[in-house]
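The residues making up each chain are set out below.
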Amino acid sequence: MSDAPPVSAGDGGPDRAPIWSRPERGSRGPAPAHSRDAIVVAAVALADAEGLAAVSMRAVASALGTGAGSLYRYLSSRDDLLDLMTDRVIGELRPYPQAEGDWLDTMVLLGRRQLALFGAHPWLLDVFHRASGVGPESLAWFDNCIRVLEPLPCAVTAKFEAIAMMTGVVSLFARREAAAGALSFAGVDLAAYPHLVAAFGQPPAPAPRADLVERTLRSLLTGLLLAEAG
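Residues numbered from 1 in each chain as written. Predicted model: local features only at pLDDT ≥ 70, side-chain atom pairs only at ≥ 80, totals over all residues. Heavy atoms only, no water.

**Student:** Before we move on, could you go through the overall build of the protein and cite the residues and values that matter?
**Tutor:** Within the protein, the regular secondary structure consists of 9 helices and 0 strands. A buried classification covers 37% of the 230 residues belonging to the protein. Considering only contacts within the protein whose residues lie at least 6 apart along the sequence, 74% involve residues at least 24 apart. Carbon together with sulfur atoms contributes 59% to the accessible area of the protein, which is approximately 13100 Å² in total. (Helix = DSSP H or I, 4+ residues; strand = E, 2+ residues; numbered from the N terminus. Buried < 20%, exposed > 50% of the residue type's maximum accessible area, 1.4 Å probe, protein only. Contact = heavy atoms within 4.5 Å. Areas by Shrake-Rupley, 256 points an atom, 1.4 Å probe, with all protein chains shown as cover.)

**Student:** Account for the environment of Met-166, with residues named and values stated.
**Tutor:** Position of Met-166 among the secondary structure elements: in helix H7 (residues 156-178). Once the C-alpha coordinates of Met-166 and Gln-114 are considered, the two residues, 52 residues apart in sequence, prove to be 9.5 Å apart. When sequence neighbours within four positions are dropped, the list of residues in contact with Met-166 reads Met-107, Gly-111, Gln-114, Trp-141, Leu-217, Leu-220 and Leu-221.

**Student:** Which residues make up the side chain of Ser-171, and what are the values?
**Tutor:** With respect to the helices, strands and loops of the structure, Ser-171 is situated in helix H7. Among residues more than four places away in sequence, those in contact with Ser-171 are Phe-118, Leu-125 and Phe-128.

**Student:** Account for the pattern of salt bridges, naming residues and giving values.
**Tutor:** One pass over the full model with this rule turns up 10 salt bridges. We note a salt bridge from Asp-79 to Arg-130, for which the minimum N-O separation is 3.6 Å. With a gap of 51 residues between them, Asp-79 in helix H4 (residues 78-90) and Arg-130 in the loop between helix H5 (103-120) and helix H6 (136-148) connect regions that are remote in the sequence. Beyond isolated ion pairs, a larger network of salt bridges with shared partners links Asp-105, Arg-112, Asp-211, Glu-214 and Arg-218. (Salt bridge = Lys/Arg side-chain N within 4 Å of Asp/Glu carboxyl O.)

**Student:** Go over the confidence of the model for the protein, please, and point to the residues and values.
**Tutor:** In this model, the protein carries an average pLDDT of 85, and 83% of its residues clear a pLDDT of 70 or more. Of the regions scoring below 50 in pLDDT, residues 1-14 engages in 14 contacts with residues more than four places distant in sequence or in other chains. (pLDDT = per-residue confidence, 0-100.)

Have a look at this one:
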């Protein structure tokens, strides 16, 4: 059986309504045996266990004990499924911390939560940037970040840029953590690279009070937002 959806007039295409605004299921066919939410839960579990490549309409249907064709009563395509999966796991960032203290401390905490989310769902790194995946939970996340940044007098465009840059930097840290091992020059002859030799010859610096993630996020956010506010 093909994994492609049945073709009907008016289906699909780049101009179709986003999955968030479409009915839970099609109006035709037998009574539903599953819910859209159950389908998404099964797909997320499959992606967590086997990676994004394992998520097909057929595989998700098999996990639910049904045929791939039945899923097309709820979704038009695998892209719809990926969008729903993305938004569902972004919802795990709730509950958001209260912005009662320093805005920078709160934003760093939010960045750390993003990093933990990427660690829990590594496949998210490959889909979170999809424009079609900006659903209710993604919008709630942005809304919360803007709430945290309300005390700053800089332009709202600067705030959106800072939020986007924070997410991008966090995703780089997540990719680094997912990569096997750290950069090492062990066993490499550095004789032809005098600056590296000199750098490695320097005495070790005292351990920083904050780890690299926190130092990077604090520098990034203050550089983008306080300079703009000034």
